[in-house]
Amino acid sequence: MVTAWKCLINGQWVDSRSGRTLPVWNPATEEQIGTVPECGPEDLDEAVKAARAALDGPWGKMSAADRGRLIHKAGELLYQRLDDIAKLETANQGKPIFESSKIDVPWSANCYQYFAGWATKITGDTIGISPGSFNYTLKEPVGIVGAIVPWNFPVLLATWKLAPALAAGCAVILKPASQTPVTALKLGEIFTDAGFPPGTVQVITGPGAKTGMAMATHPGIDKISFTGSTATGVELMKACATTLKKITLELGGKSPNIVFADADLDSAARGAASGIFYNKGEVCAAGSRLFVQEKAHDDLVARLLDRTGKLLQGDPTDPKVRVGPQVSREQQESILRYIGSGKEQGAKCVAGGEKNAVNGKGFFVKPTVFTEVRPEMKIAQEEIFGPVLSVMRFKEPEEVVRLANDTCYGLASAVWTSDVKKAHRTARALKAGTVWVNTYGIFDPAVPFGGYKMSGFGRDLGRECLEGYLNTKSVWVDLS
Ligand code: NAP
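Residues numbered from 1 in each chain as written. Predicted model: local features only at pLDDT ≥ 70, side-chain atom pairs only at ≥ 80, totals over all residues. Heavy atoms only, no water.

1. Some words on helix H3 (residues 64–80)
Between its terminal C-alpha atoms H3 stretches 24 Å, which fits the 24 Å expected from 17 residues at 1.5 Å a residue. When H3 is considered as a whole, its buried residues turn out to be Arg 67, Gly 68, Leu 70, Ile 71, Ala 74, Gly 75, Leu 77 and Leu 78. On its buried face, H3 sits against helix H2 (58–61), helix H4 (82–93), helix H5 (97–118), helix H6 (154–167) and helix H7 (182–194). (Helix = DSSP H or I, 4+ residues; strand = E, 2+ residues; numbered from the N terminus. Expected span 1.5 Å × (residues − 1). Buried < 20%, exposed > 50% of the residue type's maximum accessible area, 1.4 Å probe, protein only. Contact = heavy atoms within 4.5 Å.)

What follows is the structure, encoded as structure tokens:
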């Protein structure tokens, strides 16, 4: 069945003014499942007007407690609709239903609950340092936030923007990725049903280069909160400069996963496999570079290959499946090109290394492991965004820190060791926004997440991310 989805503008479900649409696909079956409106600048203008009206009206005037209550309700509704939304996420993104239903959607609901609590806890300071005057600061919402998100975690990453922005009192115009727009529209339904005033949360769909870029240059939008590739982040930052719009950028990564010989190798092998094969490697924080200390190399690789061989790839709606199809044919082909380059540059492909299909359909790539990778190879430097692991050897701790930091990215990292001092020393030396010690890929709405270097700046999640959605106003009072 092909569903004609509509966008949410000013509390109404509408087509684009132009009437144009974009197709929506299922990457496992290669079937079209629907269409979404292709919104243009005229649709965005209307959304900006509605957002401003919400800020000047009911949303801006709402008490923090009521705001928190509504955000909490959105989280509750998401829990209630978990099954339907998880199924839709899997149908459109290709991620295994196990992940959509057990992780992505429940974690998103938790995120609304966490930030609902923050609505009433945003306060300024009193600064009474001068006898002749008194100062206090007010924390005010930045205004209209344009949230632009990628296709790898459609519900979750939209939530990472929406929940804190709403807690801070902002209005949000959300633009999901064109490959995965449908669950963002379902989130729109949740906000409408929860009772958010029209214009507070709006969802517009359309191509990034057109709709997303229009958001970055629109003078009525106060901030862009972006998650996506580094290349797009650079373009967006330039575009935001024309109106001096605030921007936070959550970008790509090539995260090092470091295993010392004294680590619990079974746990490390599990972390190495989940670190790269979770969500079929379409993870910004994927542990795509595995550094193994020489003495443990062969043992660790053997355990890793054992785990890789047991991963069930197939129909993502099957609860037993752990590896689904890539999001699109384009993504599948890009990954296969990287695999080709690894082979050409002399790395040893010890698992996978080719595409896969279910009943002849689907954009699958087999979980792939390369050993004997050299740091200068393309597969060790560039973000592949697929289930492809590059394994490298090291001897000394100083050497692996140097190798781990030798990339333009700095999003995440991990270190596996039984030596507490070594773990903390390495954590300090790694240039990355997140370091996991003896684990990989855990998140919590209370813990800030974001990048160093070309992985971006600003933070999602945690108390810290609220600052990105707030302005500070100083108020001086003469006491003399
Ligand atoms: P992308 O191509 O940069 O797209 C991300 C979003 O930006 C989509 O909504 C896209 O719309 C839009 N967009 C594309 N070009 C644009 C432009 N010129 N102006 C404005 N908006 C534009 O990234 P992706 O391929 O979807 O996602 C994968 C990337 O996201 C990877 O690099 C990954 O590491 C990164 N990521 C980072 C994090 C993090 O937290 N750091 C998390 C997840 C993913 P269309 O879809 O319509 O093109």
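After presenting the structure, the write-up continues.
2. Here's the deal with the domain arrangement of the chain
Each assigned domain of the chain is listed here: domain 1 (3–251 + 455–476) and domain 2 (256–443). A C-alpha centroid distance of 31 Å is found between domain 1 and domain 2. Facing the 26 residues of domain 1 at the interface are 34 residues of domain 2. For the pairing of domain 1 and domain 2, the buried interface totals around 2,400 Å² over both sides, and the portion due to carbon and sulfur atoms is 60%. (Domains from an automatic or database assignment. Buried area = accessible area lost by both parts, 1.4 Å probe.)

3. Some thoughts on the site of the ligand
Close to the ligand lie 32 residues, the nearest being Val 149, Ser 178, Ser 229, Leu 251 and Glu 383. Within the side chain of Trp 151, a nitrogen or oxygen atom sits 3.0 Å from an oxygen atom of the ligand. In the environment of the ligand, an oxygen atom lies 3.4 Å from a nitrogen or oxygen atom belonging to the backbone of Gly 206. For the ligand, the protein covers 89% of the area, taking 900 Å² as the surface of the free molecule. With 4 residues, helix H8 (residues 208–217) is the single largest residue contributor to the shell around the ligand. For the shell around the ligand, the per-class residue count stands at 17 nonpolar, 11 polar and 4 charged. Structurally, the shell around the ligand is a two-domain feature, drawing no fewer than three residues from each of domain 1 (3–251 + 455–476) and domain 2 (256–443). (Near = heavy atom within 4 Å. Polar contact = N/O pair within 3.5 Å; in protein donor to acceptor, adjacent residues only side chain to side chain. Areas by Shrake-Rupley, 256 points an atom, 1.4 Å probe, with all protein chains shown as cover. Nonpolar A, V, L, I, M, F, W, Y, C, P; charged D, E, K, R; others polar.)

4. Observations concerning the sheet that holds strand E1 (residues 3–4)
The sheet built from 3 strands is open, its strands ordered E1-E5-E4 with mixed pairing. Bordering the open sheet on either side are E1 and strand E4 (21–26), each of which pairs with just one other strand. Judged from the 6 bridges that link them, E4 and strand E5 (residues 31–37) form a sheet pairing that is antiparallel. Across the sheet, the residue bridging to Trp 25 is Gln 32, located in E5. (Pairing = 2+ DSSP bridges.)

5. Quick word on the environment of Glu 354
Among the secondary structure elements, Glu 354 is positioned in the loop between strand E15 (348–351) and strand E16 (355–358). Among the residues examined, Glu 354 registers a relative accessible area of 40% and is labelled partly exposed. Separated by 13 residues in sequence, Glu 354 and Pro 367 place their C-alpha atoms 8.6 Å apart. Those residues in contact with Glu 354 that sit more than four places away from it in its chain are Leu 336, Val 365, Lys 366 and Thr 368. Polar contacts involving the side chain of Glu 354 include one to the side chain of Lys 366, which spans 2.6 Å.

6. A look at the packing of aromatic side chains
Two aromatic rings, taken as a pair, are described by how far apart their centres are and by the angle between their planes. Under the defined criterion, the tally for this structure stands at 14 aromatic pairs. Note on Trp 160 and Phe 449: the rings are 5.7 Å apart at their centroids and 65° apart in plane angle, and the pair reads as edge-to-face. Linking Trp 160 in helix H6 with Phe 449 in the loop between strand E22 (436–437) and strand E23 (452–453), this pair joins segments that are 289 residues apart in sequence. Assigned by exposure class, Trp 160 and Phe 449 land together as buried. With a centroid separation of 4.7 Å and 45° between ring planes, the pair formed by Trp 436 and Tyr 440 is classed as tilted. Here the aromatic cluster, defined as three or more aromatic residues joined through ring pairs, consists of Trp 107, Trp 160, Trp 436, Tyr 440, Phe 443 and Phe 449. Its guanidinium or amino end placed over the ring of Tyr 469, Lys 223 lies 4.9 Å from that ring's centre, counting from NZ or CZ. (Phe/Tyr/Trp six-rings, centres within 6.5 Å; stacked < 30°, edge-to-face > 60°. Lys NZ or Arg CZ within 6 Å of the ring centre and 35° of its normal.)

7. Some details on the sheet that holds strand E18 (residues 368–371)
Spatial strand order, E15-E18-E19-E14-E13-E21-E22: 7 strands in an open sheet with mixed pairing. Edge positions in the sheet fall to E15 and E22, since each has one partner strand and no second. Helix H10 (residues 265–277) rests against strand E13 (256–259), strand E14 (289–293), E18, strand E19 (388–394) and strand E21 (414–416) of the sheet, and its axis sits at about 170° to E13. Each of E13, E14 and E19 touches helix H14 (residues 397–405); the most contacted strand, E14, lies at about 170° to it. (Axes fitted to C-alpha atoms, helices over the stretch in contact; angles between N-to-C directions.)

8. Let's talk about the side chain of Thr 35
Among the structural elements, Thr 35 can be located in strand E5. Apart from residues no more than four positions distant in its own chain, Thr 35 is found in contact with Val 2, Thr 3, Ala 4, Trp 5, Thr 21, Leu 22, Pro 23 and Val 24.

9. Topic: the pattern of salt bridges
Opposite charge on two side chains permits them to pair, given that their charged atoms come into close proximity. The full count for this structure, using the stated rule, is 23 salt bridges. Put simply, Arg 69 and Asp 66 hold a salt bridge, and the shortest N to O gap is 2.6 Å. Note that Arg 69 and Asp 66 are positioned in helix H3 at a spacing of 3 residues, about one turn of the helix. Residue Arg 81 pairs with Asp 193 through a salt bridge whose shortest N-O separation is 2.9 Å. Remark: Asp 193 occurs in helix H7 and Arg 81 occurs in the loop between H3 and H4; sequence separation between them is 112 residues. (Salt bridge = Lys/Arg side-chain N within 4 Å of Asp/Glu carboxyl O.)

10. Topic: the pairing of E19
With 6 of its 7 residues buried, E19 lies for the most part within the structure. Across 5 bridges, E14 lies against E19 in parallel orientation. Counted as the bridge partner of Arg 289 is Ser 390 from E19.

11. A short note on the packing of H8 against helix H9 (residues 230–241)
Where H8 contacts H9, the two axes come as close as 7 Å, and the packing angle between them is 40°. The angle between H8 and H9 falls in the class oblique. Residues Gly 212, Met 213, Ala 216 and Thr 217 of H8 form the contact with H9, whose participating residues are Glu 235, Leu 236, Ala 239 and Cys 240. Of the residues assigned to the contact of H8 with H9, the class counts are 5 nonpolar, 2 polar and 1 charged. (Parallel < 35°, antiparallel > 145°, perpendicular 65-115°, else oblique.)

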